[in-house]
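Survey of secondary and tertiary structure
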Number of protein chains: 2
Amino acid sequence: MLIIRDMLFKQKRRYGQFAESEENIATNILADRLTKLEVEGLVTRQADPENGRQIVYALTSKALDLAPTLIEMILWSAKYDPDTAADRGFVRKAKKDREQLVKDVKSRARS
Amino acid sequence: MLIIRDMLFKQKRRYGQFAESEENIATNILADRLTKLEVEGLVTRQADPENGRQIVYALTSKALDLAPTLIEMILWSAKYDPDTAADRGFVRKAKKDREQLVKDVKSRARS
DNA sequence: CATCATAACTTGTATTTCGCAAGTAGTCGT
DNA sequence: ACGACTACTTGCGAAATACAAGTTATGATG
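Starting from 1, residues in each chain are numbered consecutively following that chain's sequence as written. Written order decides the labels, with chains lettered from A and ligands numbered from 1. With the structure being a predicted model, the display of local features is reserved for residues of pLDDT at least 70 and the display and counting of side-chain atom pairs for 80 or more, all residues being used for whole-chain, interface and lining totals.

**A few points about the protein's contact with DNA strand D**
This is how it is decided: Working rule for contacts: place C-beta from the backbone, and if it is within 6 Å of a molecule or strand, that residue counts as near it. Counting from the N terminus, the helices are the DSSP runs of H or I reaching at least four residues and the strands are the DSSP runs of E reaching at least two.
Around DNA strand D sit 19 residues, and of these A:Gly52, B:Arg14, B:Tyr15, B:Gly16 and B:Asn28 come closest. Residue assignment for the surface near DNA strand D shows that the elements contributing at least two residues are α3 (27–39) of chain A together with α2 (15–20) and α3 (27–39) of chain B. Among the elements that make up the surface near DNA strand D, the one with the highest residue count is α3(B) (four residues).

Shown next, in the form of structure tokens:
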């Protein structure tokens, strides 16, 4: 979930970027989760043609369709978790035009 | 999550009912989760005045506000998980009038 | 072209959580 | 008074996770 969240909302694409996130996931667990996500058809893995040592992960449409669920989770956190990192603009946009936000999030995550 | 799901959508209120659910949660884990949910302010626990040996659990508004998140999860499952238990009518209603469904679910869970 | 840095993992081990089976405590019905 | 019911606890083996260190392949540097 944390990986998909980072890919959907923070445009992260690489192993090193996931490892940096504030949840401090252990590297063996991260590797394990990435292969499980690949097996479940949620992410694809491919070598970066411009930099052979980098692998670029991408979300499948099955994973992009988790956007509404994650957005609802963010809204709930914004309401009840004082330490939440959700930004104001995001929450406002979600309440104003939810469908459009889902489209925007998916489109950004694809690019 | 499974406990909140059962309370929101299946009107379960008691320990024995949670233990029956198809995920077959171990009783020690169930007890642990219920106290954690209580500590986090998601459920309340009170003895049934009509039957002293039964304890009735209820969702707080903080937990009721998880309804949109859980509904989105159900919709995603209905789309991608062939073994999902989500019923047709529910999915139709969610797509037709989401806000109303959220209200209905909350209202049923409170009664 | 040898060496160093980087990125993506593996491996080993201690710690934590979980699953299963069994047992306990306070009602309640008869 | 006694058995059944409901909500838990307890003990222990198995599995998952966290932490630290090592490995492999590629790209950059002097």
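We are not done yet, so read on.
**Examining the relation of the copies chain B and chain A**
Note the following rule: The atoms used to superpose the copies are C-alpha atoms, taken from residues with pLDDT of at least 70 in both, and the fit is least squares. For every residue pair, C-beta atoms are placed from the backbone, and the pair is scored as a contact if these atoms sit within 7 Å.
When chain B is fitted onto chain A, the two copies agree to an RMSD of 0.1 Å after a turn of 180 degrees and an axial shift of 0.0 Å. Expressed as a symmetry operation, the mapping of one chain copy onto the other fits a two-fold axis. Closest approach to the rotation axis within chain B is made by the C-alpha atom of B:Thr69, at a distance of 2.7 Å. A share of 100% of interface residues in chain B that are also interface residues in chain A marks the association as one of identical surfaces.

**What to know about the interface of chain B and chain A**
Put simply, the rule is: When residue character is reported, Ala, Val, Leu, Ile, Met, Phe, Trp, Tyr, Cys and Pro are called nonpolar, Asp, Glu, Lys and Arg charged, and the others, Gly included, polar.
Every contact between the two is made by 10 residues of chain B and, on the other side, 10 residues of chain A. If you tally residues by element for the side of chain B that touches chain A, the top one is helix α5 (residues 67–80) of chain B, at seven residues. Residues belonging to the side of chain B that touches chain A are distributed by class as follows: five nonpolar, one polar and four charged.

**Quick look at the packing of α5(B) against helix α7 (residues 98–110) of chain B**
Residues and elements named next belong to chain B. Quick note on the threshold: Every axis corresponds to a line fitted to the C-alpha atoms, with the helix fit spanning only the stretch in contact, and the corresponding angles, defined between N-to-C directions, vary from 0 to 180 degrees. Between 65 and 115 degrees an angle is taken as roughly perpendicular, under 35 as roughly parallel, over 145 as roughly antiparallel, and anywhere else as oblique. Crossings are classed by handedness, with left-handed meaning an anticlockwise turn of the near helix from the far one by less than a right angle and right-handed meaning a clockwise turn.
α7 packs onto α5 with a crossing angle of 115 degrees between their chain directions and a minimal axis gap of 10 Å. As judged from the angle between their axes, α5 and α7 are roughly perpendicular. The two elements α5 and α7 cross, and the hand of that crossing is right-handed. Together, Ala67, Pro68 and Ile71 of α5 and Leu101, Val102, Val105 and Lys106 of α7 make up the contact between the two elements. Tallied by class, the residues present in the contact of α5 with α7 amount to six nonpolar, no polar and one charged.

**With respect to the packing of α5(B) against helix α6 (residues 88–96) of chain B**
Residues and elements named next belong to chain B. At a minimum axis separation of 11 Å, α5 and α6 run at an interaxial angle of 120 degrees. Compared by their axis directions, α5 and α6 come out oblique. Regarding α5 and α6, the two cross each other, and that crossing is left-handed. From α5, Ile71, Ile74, Leu75 and Ala78 reach across to α6, where they touch Phe90, Val91 and Ala94. Here the contact of α5 with α6 is built from residues that sort into seven nonpolar, no polar and no charged.

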